[in-house]
Structures are given as C-alpha cells and as structure tokens.
Amino acid sequence: MAGLRIEHLYKRYENSGKKKSVQNDYAVKDLNLVAEQGEFIALLGPSGCGKTTTLRMTAGLEDITKGEIYIGDTLVNNLHPKDRHIGLAFEDYAMYPPLTVYNNIAFNLKAKGVDKAEIDKRVREIAPLMQCDDLLDKMPVKLSGGQKQRVNIARAIIRRPELLLMDEPLSHLDGKARQAMRTEIKRLINDIKCTTIYVTHDQLEAMSLADKIAIINFGVLQQYGTPAEVYDDPVNEFVASFIGEPPMNILETTIRGKGDHFVFTFDGSNLEIEVPKRYNNVVKDGFKCKMGVRPMDVLIGGPDSKGTSEEVATFENLGDERRIGIHVGETLLMLITDAETRYKQGDIIKLEVRGEKTHLFDLESGDRIREK
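Residues numbered from 1 in each chain as written. Predicted model: local features only at pLDDT ≥ 70, side-chain atom pairs only at ≥ 80, totals over all residues. Heavy atoms only, no water.

Caption draft 1: Summary view of the overall build of the protein. When its secondary structure is counted, the protein shows eight helices and 21 strands. Along the three orthogonal principal directions, the C-alpha set of the protein runs to about 80 × 50 × 45 Å. For the protein, long-range pairs separated by at least 24 residues make up 67% of all intrachain contacts whose partners lie at least 6 apart in sequence. Charge-centre separation for the protein: the mean point of 51 positive side chains lies 5 Å from the mean point of 57 negative side chains. (Helix = DSSP H or I, 4+ residues; strand = E, 2+ residues; numbered from the N terminus. Contact = heavy atoms within 4.5 Å. Lys, Arg positive; Asp, Glu negative; His and termini not counted. Charge placed at Lys NZ, Arg CZ, Asp CG, Glu CD.)

Spelled out as structure tokens, the structure:
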C-alpha cells in the first residue's frame, strides 16, 4: 500500500489539421493532490472535466504534458503501467468471454507466470471478499451487470496493488444494483485498506464512499476536502451547487440595511432574509451578490410565523420527504420538508429561512465571500 502525490499536473491534447497544429485548452491544469496511505479519494465533477484523464495519467495510459506523479516515494512519470503496482477497474467490465470467472480473475497472475498454487490461493482469498466465490465456474455471459463488476474489481485487487484506480465502476448498473454495489465497495476498501482513487460524476457516490473528495471543473481543482467540508463550507458557487441533492439554492440578491441589521432582498419578491451578523464587515446597503441556502434550511412556518407568505409553485411527494418550489422573482427556490401535509400549486405558505446557514458568492467570479 502506498500514497499518491500529484504535483502541478497538466494535460493538453494536440489535434493535427491539414493547415496547422491546433492545441486545445488544458484538459487538466495545475492539479495538486495528496492521498495518504489507505485513503479513499473521489475525483468528482461533470463529464469532460478532466477526472478520467487524471486517473489515466496516474495509471500510465496517458502521457503527461507537465508535472509529476508519485506513487509512494517513486516518480512514475516514465514508468510503464505494469511497473506502477496499480490495480485498474474501469466502467466497462472487459471480461474475456471464453474464460470462466476463475480464469478471468487469475488472468493477470497467469500472464506474470505466478505459481499455480499461489494463483489458486489468491483467487480463493479474493472471491469471498467480492462475494463471487459461487461464480468461479460460470462464464461471463451468465453473469448480471453487478456480478461482472465484482469480477472486474476482484481482477484488479488480486495483484495486491499499492494503488487501486476505479473509473466510474457503477455507471452501467441500475439504481438498486448501484446502491448494493456501492455498499460492497465500501466494505471491500475497509477490508483491504488499499489507497483508492475513484472517478465519478455522481456526488452521492462520492459523499458516501470517500474519505476526501477532489471536485474538478474544466480541468481545474475547485476544492479538496472531506465530504463534510465540501458540503458545509464550499469555496465557490460551483461546488455549492454541485454538492447536495437537491442542489443548493443560488439567488441573486441586493442587501439592504434595515434598522440595526441587513437583509437579503430579491427582485420581484417580498421575501427578506436576515444577513448573518458575521458578514457586517463585508456588506453594505445596496451590496449585490449571490446568496446560497440549502433546501433543508428553508422552512415552512407555523400559524404564528413571522415569515413572508409565498405561493406554492411545485410540489413533489417522494415518500420520505416532500419538495416544494417557490418562485422568488424568476428563480425557483426549493425547500424540503418531512411533514405529511400535501400541497398543490397556488397554496399559500409562510416561508422562513435560516439566515445563519446562508452563504455569499461574488456575482462575477462565483467565489465565496467570507466574513472578515
């Protein structure tokens, strides 16, 4: 087992045309990342953000434009993938159809000339971990998607890698199988305690599995921290809106002075939310920014509530929770409630917002505005 250190990593692709060579923007730009031994790191971001490119450079499947990658204390920039002591599990199962599950799992060891008895020992150790010990005599065509992915991961970890790399391993599974497999991956990583880099675009996977999450957008690392840190303390509007389901409400606001405090006001709405006093040194009357608040911090007030009266625009009953949408100007503000009351479009509710849970973001850059 070894840690991973990525320093000032860049990747740029070149497309050669008939007239001239055209260089694209960087797919990965100045990425710095440290994964300690045994940590589970999720690379999270939208499609095309550079997370898979980063993983492929770490694996040696893509050339590095600039920067350094260390596995343990070894610089691996110029090492062949087979010499990097890594295990790979991709979204495509890539099993060998003519081989049984046993021989699929054992394939890499056989290719390396490992002793037959040692191969059998390792297969018998790994198969129960991945709950595929009852599948060893089956052919791939007889397996479900979840079973194929178990075999795929077993084949990656049988090599006893120092670093396990997983690229969207659950993307081909349906909802129920995906949830079950996510639980199995968490159990497996706790058992083998292998440093793991896990690529996903699903923030629920990242939040539930990872010790730390690296959120990437347009090839640039936006924030790196624990699930609690990126959820509760986002560094910018992108992270705030990307993490959480449903996502954080982001609304343009003008801050106004009201007595001894400030309030958020919104064009086309009577809604007012008190600005936390910790921001008193960074705001003033007429200050424009974006205000962010999570749906669970927007509340329905009781009969004696001093909140503003708002009209229900949308209502979704999801069984364990209800989601209500309220028009604030041209923006739909979402709230979550577990109350049993059913609403319909046009119903009037009293709306309260936990002002202390709000976040401020710069209108132009989207960066978080922090108290001084």
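Having put the structure on the table, let's press on.
Caption draft 2: Spatial organisation of the domain arrangement of the protein. Each assigned domain of the protein is listed here: domain 1 (4-13 + 23-242) and domain 2 (249-369). Listed as interface residues are eight residues of domain 1 and, on the opposing side, nine residues of domain 2. The largest contributions to the domain 1 side of the interface with domain 2 come from Tyr231, Glu237 and Ala240, which together make up 59% of the buried area. Put simply, lysine 290 and glutamate 237 hold a salt bridge, and the shortest N to O gap is 3.2 Å. Summed over the shared surface of domain 1 and domain 2, the result is six residue pairs in polar contact (both at pLDDT 80 or more). Listed by contribution, the elements that provide at least two residues to the side of domain 1 that touches domain 2 are helix H7 (227-232) and helix H8 (237-242). Taken together, the residues of the side of domain 1 that touches domain 2 break down into four nonpolar, one polar and three charged. (Domains from an automatic or database assignment. Buried area = accessible area lost by both parts, 1.4 Å probe. Salt bridge = Lys/Arg side-chain N within 4 Å of Asp/Glu carboxyl O. Polar contact = N/O pair within 3.5 Å; in protein donor to acceptor, adjacent residues only side chain to side chain. Nonpolar A, V, L, I, M, F, W, Y, C, P; charged D, E, K, R; others polar.)

Caption draft 3: Representation of the packing of helix H2 (residues 101-111) against helix H4 (residues 145-157) in the model. One can describe the packing of H2 onto H4 by two numbers: an axis separation of 7 Å at closest approach and a directional angle of 30°. Our classification of the angle between H2 and H4 gives roughly parallel. Note on packing geometry: the crossing formed by H2 with H4 is right-handed. Mapping the contact onto sequence places Val101, Asn104, Ile105 and Asn108 in H2 and Val151, Ala154 and Arg155 in H4. Considering only residue class, the contact of H2 with H4 consists of four nonpolar, two polar and one charged. (Axes fitted to C-alpha atoms, helices over the stretch in contact; angles between N-to-C directions. Parallel < 35°, antiparallel > 145°, perpendicular 65-115°, else oblique. Left-handed = near helix turned anticlockwise from the far one by under 90°.)

Caption draft 4: Looking closely at H4. With 13 residues, H4 should cover 18 Å at 1.5 Å per step; its first-to-last C-alpha distance of 19 Å lies within 8% of that length. Counted residue by residue, H4 has eleven buried out of 13 residues, so it is predominantly covered. On the buried face of H4, the contacting elements are strand E6 (86-89), H2, helix H3 (116-129), strand E7 (163-167) and helix H5 (175-192). (Expected span 1.5 Å × (residues − 1). Buried < 20%, exposed > 50% of the residue type's maximum accessible area, 1.4 Å probe, protein only.)

Caption draft 5: View of the sheet that holds E6. Ordered in space as E6-E7-E8-E3-E9-E10, the six strands form an open sheet in which the pairing is mixed. Strands with a single pairing partner mark the edges of an open sheet, and in this sheet they are E6 and strand E10 (220-225). Strand-to-strand twist in this sheet, taken as the mean axis angle between neighbours without regard to direction, amounts to 15°. Here five bridges tie strand E9 (residues 212-217) to E10, and the two strands are oriented antiparallel to one another. The residue bridging isoleucine 216 from the neighbouring strand is leucine 221, located in E10. The strands that helix H1 (residues 51-59) touches are strand E3 (40-44), E6, E7, strand E8 (195-200) and E9; relative to E7, the one it contacts most, it runs at about 145°. The sheet contacts of H4 involve E6 and E7, and relative to E6 the element is tilted by about 170°. (Pairing = 2+ DSSP bridges.)

Caption draft 6: Region of interest: the sheet that holds strand E15 (residues 298-300). Taken in spatial order, the five strands make up an open sheet running E15-E19-E16-E17-E18, and their pairing is antiparallel. A strand with exactly one partner marks an edge of an open sheet, and here the two such strands are E15 and strand E18 (331-337). Pairs of neighbouring strands in the sheet enclose a mean axial angle of 50°, with direction left out of account. In the sheet, strand E17 (residues 322-328) pairs with E18 via seven bridges, with the strands oriented antiparallel.

Caption draft 7: Region of the structure containing unusual backbone geometry. In this structure, the amide linkage connecting glutamate 245 to the following residue, proline 246, adopts the cis form with an omega of 0°. Of note in this structure, arginine 160 is not a glycine but carries a positive phi near 55°. With respect to the helices and strands, the residue arginine 160 is situated in the loop between H4 and E7. Given the relative accessible area of 48%, arginine 160 is considered partly exposed.

Caption draft 8: Fine view of the pattern of salt bridges. Counting across every chain of the model gives 22 salt bridges. Its salt-bridge partner being aspartate 83, residue lysine 82 comes within 3.3 Å of it at the nearest N-O pair. Between aspartate 347 and lysine 344 there is a salt bridge, with its nearest N and O atoms 3.3 Å apart. In the salt-bridge network here, residues are joined through shared partners; they are Glu118, Arg122, Glu125 and Arg160.

Caption draft 9: Just H5, in detail. Under the 1.5 Å per step criterion, the end-to-end length of H5 is 26 Å for 18 residues, consistent within 8% with the ideal 26 Å. Of the surrounding secondary structure, the elements contacted by the buried residues of H5 are E3, H3, H4, E7, E8 and helix H6 (203-209). The first or second residue beyond H5 is lysine 193, which carries a positive phi of 50°.

Caption draft 10: Spatial organisation of the pairing of strand E14 (residues 287-293). Extensive coverage of E14 is indicated by the burial of five of its seven residues. Bridge count for strand E11 (residues 249-258) against E14 is seven bridges, and the pairing is antiparallel. For glutamate 252, the partnering residue across the bridge sits in E14 and is lysine 290. Judged from the three bridges that link them, E14 and strand E20 (residues 359-361) form a sheet pairing that is antiparallel. Note that in E20 the partner of methionine 291 across the bridge is leucine 360.

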